[in-house]
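# Topology and contacts: notes
Given next are the chains, with one letter for each unit.
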Amino acid sequence: MSTNQVNVPIFPEESKLTGKDSWSRFKATIELTAQLRGYTGYLDGTIIKPASSLYSSAAGSIYPPVTATPYPGEWYMRDCFVAATINLNTVDATGLGIDLAKSAANIWKDLTEK
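Remember, it's a predicted structure, so these values are computed and weren't measured experimentally. (Residues numbered from 1 in each chain as written. Predicted model: local features only at pLDDT ≥ 70, side-chain atom pairs only at ≥ 80, totals over all residues. Heavy atoms only, no water.)

### Topic: helix α1 (residues 23-37)
Where we set the bar: Put simply, DSSP H or I for four residues or longer makes a helix, DSSP E for two residues or longer makes a strand, and each gets a number counted from the N terminus. Multiplying 1.5 Å by the residue count of a helix minus one yields the expected span of that helix. Buried, partly exposed and exposed residues are distinguished by accessible area as a fraction of the type maximum, computed with a 1.4 Å probe on protein chains only: under 20%, between the cut-offs, and over 50%, respectively. In this description, one arc is meant: the one made by directions from the helix axis to the C-beta atoms.
With 15 residues, α1 should reach 21 Å at 1.5 Å per residue; the first-to-last C-alpha distance of 21 Å fits that figure. Here α1 has its buried residues at F26, I30, T33 and A34. Along the long axis of α1, the arc covered by the buried residues comes to 95°, so they all point the same way. Facing away from the buried side of α1, by more than 90 degrees, are the exposed residues S24, Q35 and L36. Backbone geometry just downstream of α1 places G38 in the positive-phi region, at approximately 80°.

Have a look at this one:
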């Protein structure tokens, strides 16, 4: 059994994104969730994806959740966490144009520009 479980929060229905009418509450909830985890940089794009050449043999170590210079594997997992939090708390992600092939910051940017 893996000890690296990811617990993506699922918001109450009234906090999920359904369209423009629910944006304000959804935005506040996403931002608070990112802040609580120390992942705001993944949401706003200030923590950028590191070059894979920066990979270290210390990849099996436990890293603190807040670092501006994550290793590629930890950046990927944290970015996926933020993207999944957005996606799983959106009633119609496809209909709202959420593209999960993008980074969390790009998904968030697309949503905030609508």
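### A short note on the nonpolar core
Which entries qualify depends on this criterion: What makes a nonpolar core is a set of buried Ala, Val, Leu, Ile, Met, Phe, Trp, Tyr and Cys residues whose side-chain atoms join them at distances within 4.5 Å.
Counting residues in hydrophobic clusters, the biggest one holds 20 residues, and the most contacted among them are F26, I30, L43, V82, I86, W108 and L111. Going through the elements one at a time, α1, α2 (40-44), α3 (72-88) and α4 (104-112) are the ones with two or more residues in this core. Of all the elements, α3 adds the most residues to this core, at five residues.

### Observations regarding the side chain of D79
Our working rule: For this count, His and the chain ends are skipped, Lys and Arg are scored as positive, and Asp and Glu as negative. For salt bridges, the criterion is a side-chain nitrogen of Lys or Arg within 4 Å of an Asp or Glu carboxyl oxygen. Contact criterion: two residues are considered in contact whenever any of their non-hydrogen atoms come within 4.5 Å of each other.
Along the chain, D79 falls in helix α3. Buried charge without a salt bridge: D79, with K49 as the nearest opposite-charge side chain at an N-O distance of 8.0 Å. The contacts of D79, once residues within four sequence positions are left out, are Y42, S103, A104 and A105.

### Observations regarding the environment of G73
On the secondary structure map, G73 appears in helix α3. The spacing of G73 and K49 is 24 residues in sequence and 9.7 Å in space, taken between C-alpha atoms.

### Overview of the pattern of salt bridges
What the rule picks out here adds up to five salt bridges. Note that K27 and E31 form a salt bridge whose closest N and O atoms lie 3.0 Å from each other. Of the two residues, K27 and E31 both sit in helix α1, four residues apart, roughly one turn of that helix. The class for E31 is partly exposed, based on a relative accessible area of 27%. With a closest N to O distance of 2.6 Å, D110 and K102 form a salt bridge. Note on D110: relative accessible area 23%, which makes it partly exposed. With relative accessibility at 34%, the residue K102 sits in the partly exposed group.

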